[in-house]
Amino acid sequence: MKAYVGVYTARLEMPWVRSLKEKRALVRPVMERLKARFPVSAARLGGLDAHGWEIVGFTVIGSDPAWIEQIIQQAATFLSQNGAYHVCAEQVFVEAVELEAHTN
């Protein structure tokens with residue numbers, strides 16, 4: 001049996017931000033709305049101590065690679081259109097994972 005895992009990462013740039021608190025106020029609400037709106041697991045991954053940038057990402061798992069790619073595209077569009085930052089350096093990959101069938 002196969003499952004597919006999709007991973008998206010992006011660097012968010014906001015050079016006008018002057019404090020970590022201000023940056024969190026821009027990024028955190030969008031990440032929470034992303035998780036509420038799409039079947040993804042999302043996290044702030046890097047640059048947490050930097051003022052002007054941050055790396056974020058999300059994952060999705062399922063049995064249909066076309067559905068995985070569709071969700072990633074929709075969620076990436078949502079991320080880019082709903083925050084006061086510039087999305088840079090996006091990376092996407094979808095990988096097949098072989099699962100063992102369990103019988104009882």
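These numbers come from a predicted model, not from an experiment.

About the criteria used
Throughout, a residue's number is its position along its own chain's written sequence, starting from 1. Thresholds applied to this predicted model are a pLDDT of at least 70 for local features of residues and 80 or more for the giving and counting of side-chain atom pairs; totals over whole chains, interfaces and linings are not thresholded and use all residues. Side-chain calculation: all heavy atoms of the structure are included, whereas hydrogens and water are not. Put simply, a salt bridge is a Lys or Arg side-chain nitrogen that is within 4 Å of an Asp or Glu carboxyl oxygen. Strands here mean DSSP runs of E at least two residues long; helices mean DSSP runs of H or I at least four residues long; both are numbered from the N terminus. Partly exposed residues are those whose accessible area sits between 20% and 50% of the maximum for their type, while under 20% is buried and over 50% is exposed, using a 1.4 Å probe and protein chains only. In this scheme, strands are said to pair when DSSP sees at least two bridges between them. Axis geometry follows a simple rule: fit a line to the C-alpha atoms, using only the stretch in contact for helices, then measure angles between N-to-C directions, giving values from 0 to 180 degrees. It only takes one pair of heavy atoms within 4.5 Å for two residues to be counted as in contact.

1. A word on the pattern of salt bridges
Then, number 1: Overall, the coordinates contain four salt bridges when judged by the stated rule.
Then, number 2: Measuring nitrogen to oxygen at the nearest pair gives 3.1 Å for the salt bridge that ties Glu54 to Lys23. One end of the pair, Glu54, is in strand S3 (residues 53-62); the other, Lys23, is in helix H1 (residues 20-37), and 31 residues separate them in sequence. Each member of the pair, Glu54 as well as Lys23, is classed as buried.
Then, number 3: Several salt bridges converge on common partners, so that one network encompasses Lys23, Arg44 and Glu54.

2. With respect to the sheet that holds strand S2 (residues 41-46)
Then, number 1: Taken together, four strands build an open sheet; the order of strands is S2-S3-S1-S4 and the sheet is antiparallel. On the outer flanks of this sheet lie S2 and strand S4 (86-98), each paired with one strand and no other. Taken over all neighbouring pairs, the strand axes of this sheet differ in orientation by 20 degrees on average, direction set aside.
Then, number 2: Pairing of strand S1 (residues 2-13) with S3, which is carried by 10 bridges, proceeds in the antiparallel orientation. Across the sheet, residue Tyr8 finds its bridge partner in S3, namely Phe58.
Then, number 3: Relative to the sheet, H1 contacts S1, S2 and S3, its axis offset from that of S2 by approximately 155 degrees.
Then, number 4: Strands S1, S3 and S4 of the sheet are contacted by helix H2 (residues 65-81), whose axis makes an angle of about 155 degrees with S3.

3. Looking at the pairing of S3
Strand residues, when the strand is regular, have side chains that alternate between the two faces of the sheet.
Then, number 1: Sheet topology places S2 next to S3; five bridges connect them, and they run antiparallel. Across the sheet, residue Ala43 finds its bridge partner in S3, namely Gly57.
Then, number 2: Count of turn residues in the S2/S3 antiparallel hairpin: six residues, of which Gly47 carries a positive phi of about 75 degrees.

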